[in-house]
Protein chains: 2
Amino acid sequence: MKLESQRALADIRMRVQRDLTQFLAEQTTYLGEIGSELIPVADAINSFLLDGGKRLRPLFAYCGYLAAGGAEDESVIAAVASLELLQACALIHDDLMDGSDTRRGRPSIHRWFEGIHINEDLSGSAAHYGSSAAILLGDLALVWSNQMLHQSGISPAALLRSLATQDEMRVELMAGQFLDIHEQALATQSVARSLKIARYKSGKYTIERPLHIGASLAISDETRRQNYIAIFSEYGLPLGEAFQLRDDFLGVFGDPAMTGKPAGDDLREGKRTVLMAMTQDRATELQEGVIAKYFGAADLNLEGVEELRQVITETGAKDHVEQLIEKLTYTALDALNREEIAAPARELLEELADIAVRRSV
Amino acid sequence: MKLESQRALADIRMRVQRDLTQFLAEQTTYLGEIGSELIPVADAINSFLLDGGKRLRPLFAYCGYLAAGGAEDESVIAAVASLELLQACALIHDDLMDGSDTRRGRPSIHRWFEGIHINEDLSGSAAHYGSSAAILLGDLALVWSNQMLHQSGISPAALLRSLATQDEMRVELMAGQFLDIHEQALATQSVARSLKIARYKSGKYTIERPLHIGASLAISDETRRQNYIAIFSEYGLPLGEAFQLRDDFLGVFGDPAMTGKPAGDDLREGKRTVLMAMTQDRATELQEGVIAKYFGAADLNLEGVEELRQVITETGAKDHVEQLIEKLTYTALDALNREEIAAPARELLEELADIAVRRSV
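Report on the accompanying structure. (Residues numbered from 1 in each chain as written. Chains lettered and ligands numbered in written order. Predicted model: local features only at pLDDT ≥ 70, side-chain atom pairs only at ≥ 80, totals over all residues. Heavy atoms only, no water.)

**Considerations on empty space enclosed by the protein**
Quick reminder of the rule: Any residue with an atom within 4 Å of a point lines the site, the site being either a cavity, points on a 1 Å grid over the protein atoms alone where a 1.4 Å probe fits but cannot get out, or a pocket, an open set with protein on both sides within 12 Å along at least 5 of 7 lines. Grid points are joined across faces, edges and corners, and a volume is the space filled by probe spheres set on the points. Numbering of helices and strands runs from the N terminus, with a helix taken as a DSSP run of H or I at least four residues long and a strand as a DSSP run of E at least two residues long. Polar here means any residue other than Ala, Val, Leu, Ile, Met, Phe, Trp, Tyr, Cys and Pro, which are nonpolar, and Asp, Glu, Lys and Arg, which are charged; Gly is therefore polar.
In the structure shown here, the tally under the stated rule is six cavities of 30 Å³ or more. Here the largest cavity defines a volume of roughly 120 Å³. Around the largest cavity sit A:Asp180, A:Gln184, A:Ser194, A:Ile197, A:Ala198, A:Lys201, A:Gln244, A:Asp248, A:Lys271, A:Arg272, A:Thr273 and A:Val274, which together line it. Contributions of two or more residues to the lining of the largest cavity are made by helix H8 (156-184), helix H9 (191-218) and helix H10 (222-253) of chain A. When residues in the lining of the largest cavity are grouped by element, the largest group, four residues, is from H9(A). Across the lining of the largest cavity, the residue classes break down as three nonpolar, four polar and five charged. If you add up the space inside the second largest cavity, you get close to 50 Å³. Lining the second largest cavity, in full, are A:Glu37, B:Leu179, B:His182, B:Glu183, B:Leu186, B:Arg193, B:Lys196 and B:Ile197. If you list the elements that add at least two residues to the lining of the second largest cavity, you get helix H8 (156-184) and helix H9 (191-218) of chain B. In terms of residue class, the lining of the second largest cavity is made up of three nonpolar, one polar and four charged.

**Brief notes about the interface of chain A and chain B**
Note the threshold: Here, residues are in contact when the closest pair of their heavy atoms is within 4.5 Å. Defined here as a combined quantity, buried area equals the accessible surface (1.4 Å probe) lost by two parts on assembly, summed across both. Distance and chemistry together define a polar contact, namely a pair of N or O atoms within 3.5 Å, with one atom able to donate a hydrogen and the other to accept it when in protein, and with adjacent residues in sequence counting only for side-chain atoms on both sides.
Taken together, the contacts link 53 residues of chain A with 53 residues of chain B. The largest per-residue losses of area from chain A upon contact with chain B belong to A:Ile34, A:Leu136 and A:Phe178, which jointly make up 13% of the total buried on that side. On the surface where chain A and chain B come into contact, there are 14 residue pairs in polar contact (both at pLDDT 80 or more). When residues of the side of chain A that touches chain B are traced back to their parent elements, those giving at least two are helix H1 (2-34), helix H5 (83-98), helix H6 (109-119), helix H7 (126-150), H8 and H9 of chain A. The element that contributes the greatest number of residues to the side of chain A that touches chain B is H8(A), accounting for 17 residues. Residues that form the side of chain A that touches chain B fall into these classes: 33 nonpolar, twelve polar and eight charged.

**Topic: the nonpolar core**
A general feature of soluble globular proteins is that nonpolar side chains tend to end up buried together. Keep this limit in mind: In this text, buried Ala, Val, Leu, Ile, Met, Phe, Trp, Tyr and Cys residues form a nonpolar core when linked through side-chain atoms within 4.5 Å. The cut-offs for exposure are 20% and 50% of the maximum accessible area for each residue type, with area from a 1.4 Å probe on protein chains only; residues under the lower value are buried, those over the upper are exposed, and the others partly exposed.
Counting 255 residues, the largest nonpolar core has A:Tyr235 and B:Tyr235 as its most contacted members. Other than its neighbours up to four places away in sequence, B:Tyr235 contacts B:Phe60, B:Leu211, B:Ala332, B:Ala335, B:Leu336, B:Leu349, B:Leu352 and B:Ala353.

**Remarks on the relation of the copies chain A and chain B**
Both copies of the chain are related by one operation, a rotation about an axis with a shift along it. Convention followed: What sets the superposition is a least-squares fit of C-alpha atoms, and only residues with pLDDT of at least 70 in both copies go into it.
Laying chain A over chain B is done by rotating through 180 degrees and shifting 0.0 Å along the axis; what remains is an RMSD of 0.0 Å. Look at the turn and shift together and you get a two-fold axis relating the two.

**Focus: H7(A)**
Residue and element names in this part refer to chain A. Short version of the rule: Each helix should span, by expectation, one fewer than its residue count multiplied by 1.5 Å.
Its 25 residues place the ends of H7 36 Å apart at the C-alpha level, agreeing with the 36 Å of an ideal helix rising 1.5 Å per residue. Most of H7 is tucked away: 22 of the 25 residues are buried. For H7, the N-terminal capping position is held by Ser125, with its side-chain oxygen 3.4 Å away from the main-chain nitrogen of Ala127.

**Quick notes on the packing of aromatic side chains**
Centre distance and the angle of the planes are the two values used to describe a pair of aromatic rings. Under the convention used in this document: Each pair of aromatic rings taken from Phe, Tyr and Trp, with Trp reduced to its six-membered ring, is defined by centres within 6.5 Å and is described as stacked if the planes are under 30 degrees apart, edge-to-face if over 60, and tilted in the remaining cases.
Using the criterion set out here, one finds 14 aromatic pairs over all chains in the structure. Their ring planes at 70 degrees and their centres at 5.9 Å tell us that A:Phe113 and B:Phe178 sit as a pair that is edge-to-face. With one member in each of two chains, A:Phe113 in helix H6 and B:Phe178 in helix H8 form a pair that bridges those chains. In terms of burial, A:Phe113 and B:Phe178 fall into one category: buried. With 6.0 Å between their ring centres and 55 degrees between their planes, A:Tyr228 and A:Phe232 make a pair best called tilted. Of this pair, A:Tyr228 and A:Phe232 both sit in helix H10, four residues apart, which is roughly one turn of that helix. Neither residue differs from the other here; A:Tyr228 and A:Phe232 are each classed as buried.

**What about unusual backbone geometry?**
A positive phi angle, near 60 degrees, is found at A:Arg55, a position not held by glycine. Mapped onto the elements, A:Arg55 comes out in the loop between helix H2 (39-50) and helix H3 (56-67). Owing to a relative accessible area of 3%, A:Arg55 belongs among the buried residues under this scheme. In the Ramachandran plot, B:Arg104 falls in the positive-phi region, its phi being about 50 degrees despite a non-glycine side chain.

**Quick notes on H8(B)**
Residues and elements named next belong to chain B. The condition is simple: What the bend at a residue measures is the angle between two axes, fitted to the seven residues ending there and to the seven starting there.
For H8, built from 29 residues, the straight-helix expectation of 42 Å at 1.5 Å per residue is met to within 8% by its first-to-last C-alpha distance of 42 Å. In the structure, H8 departs most strongly from a straight axis at Leu163, where the bend amounts to approximately 30 degrees. Counting buried residues along H8, 22 of its 29 residues qualify, which places the element largely inside the surrounding structure.

**As for the pattern of salt bridges**
Stated precisely, the cut-off is as follows: Basic side-chain nitrogens of Lys or Arg form a salt bridge, by our definition, when they fall within 4 Å of a carboxyl oxygen of Asp or Glu.
Per the stated rule, a full pass over the model turns up 56 salt bridges over all chains. A salt bridge links B:Asp266 to B:Lys271, with the nearest nitrogen and oxygen atoms 3.8 Å apart. Under the relative-accessibility criterion, B:Asp266 is labelled buried at 11%. Taking the shortest distance from any N to any O, the salt bridge between B:Glu340 and B:Arg338 comes out at 3.6 Å. Among the ionic contacts, a cluster of salt bridges with common partners joins A:Asp11, A:Arg15, A:Arg18, A:Asp19, A:Glu72 and A:Glu74.

These results come straight from atomic positions and should not be treated as a statement about function.
Here's what the structure looks like:
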């Protein structure tokens, strides 16, 4: 059964990839007609988007759609694939704000255009050209996300039903991102604040809202739809939190070959995660000294990363986060035990939960 | 008759302002419920948006709607008001990319948040906090633009008809913005390239596309709608070009008290406008020397601005641009002499043309 679910998810992922490829090919032609200077823009978004990613948001949305009784439908695949373009916007702007050099082992968009500026010996500041391009490419990805949804071919009624959730999801994402940059600027960390940021910036956006979009696309009856939306929140909110905790975890303990980011990158950035807030809460004076010395140090080397990892482990924060992930995942899976969620879709959602919180990426 | 048109436009502008105020008040409450840290975000967009602006895009869209036979309708006012939020996104990101300190005589968004960081003595780099906030506030304004349109209360059929143009307009805007930053990085200027940038970044986006949106909202019959769209292009494309040329002109010769920007700001920025490309094309060796010395110099003082203005005038570029604006405006107004455009709406569009290309702002 597990193998069957994995195959079904791989099939959805393939169809999402197919639709993204086709949409981007059309946009590349369109931009090229405006001006050949725009070809690098289309190319950059193409390779950024088509080279990787787990497609979690389209998968949750489509499985939510199936779980809510929707029938297999290629236009719904195109509609949910558009969420990957929203995610591209978030990542492109996030990498720029974080000053990240890489994404999935390749240069981030601002670095990519900085490289174009240098290679083509253009005038002015290469860094400024790179960051301007990243701002605009993120904006364009956000605009394309709407366009791909509008052109997906789903029924006008389904489109109209899903727009309110689409909008709410986008506002929550931007609100969560702002809370995050504000948190980075505060003097102290807080577990409660970090949990809220994780919920808005990542949990709701990655899991709960895509499931709600799936329900909106599948169900026209208001009462029935609200029932599924409530069930999906029971499953999606705790799972979203577990997903973000796992992400924090991988940012510290993850294998660079798997994450596509240098080892301990979140520690070098001084990222205010729930994991770090818990560590700070539990740290002895000596451990606080290690944190003060290494956490957020731009020149942090592997030795420093290892010292910080040891502090995170020794305070018990690492174990606590692992247990929390397990508990939240259990709560999420428990919410699927309802007659409203038919067996095949339940297995897809179980498998997706496993993908969202598993130890490797 | 002119006075009557001016009153009608002032009335539309007031209703647009009312709807923006109401929408933003609702969003402020919503953001405040997520977290009090988000109140400055809502406040900043509020004052950025409600303190000024000619509301050209909503005015063109609503007058296009009336000209295409639409009846007065408050939900259409809300739908076209949403274009101001798209414009807010463009301006916030534009100011950040240009490094502009002010907008309409007040601090630009990135400077505003830089100021908050300093005043509240937050951690890390104030400039970085400011630019991150500006990226996210621009994104949020773009998302709100869609949300305000979706919630406007226009009929589902009208909304669906207008979405394709809304999307196309947004893609064109981002494409034009990219062409602009790319142009700044090239070694030489070109009148043809600058004209194309002006068309995408400004002309189509400010005038032609809003008119098309108006036609989409007014007319359900495909053939009739296409007829109006063609007429609106005949009027909107030349007028959009004239509008951008006037903008270039004001960036060099405008009164700071009216533009809200320091005198000769575009010269200090080294902005690659059509006006400057024409000047370069006509400059003698001596004049080229003056341009090389002052154009794009960050420390350009009023004396240097005056020397550059003299070159722009003496090459004949200033007169040529004035004549071009006049000719393009005449072509635009001529397109209104058709039976499809009824008298009251024609007068509104004539008055709007005057506002778009007049010498003061």
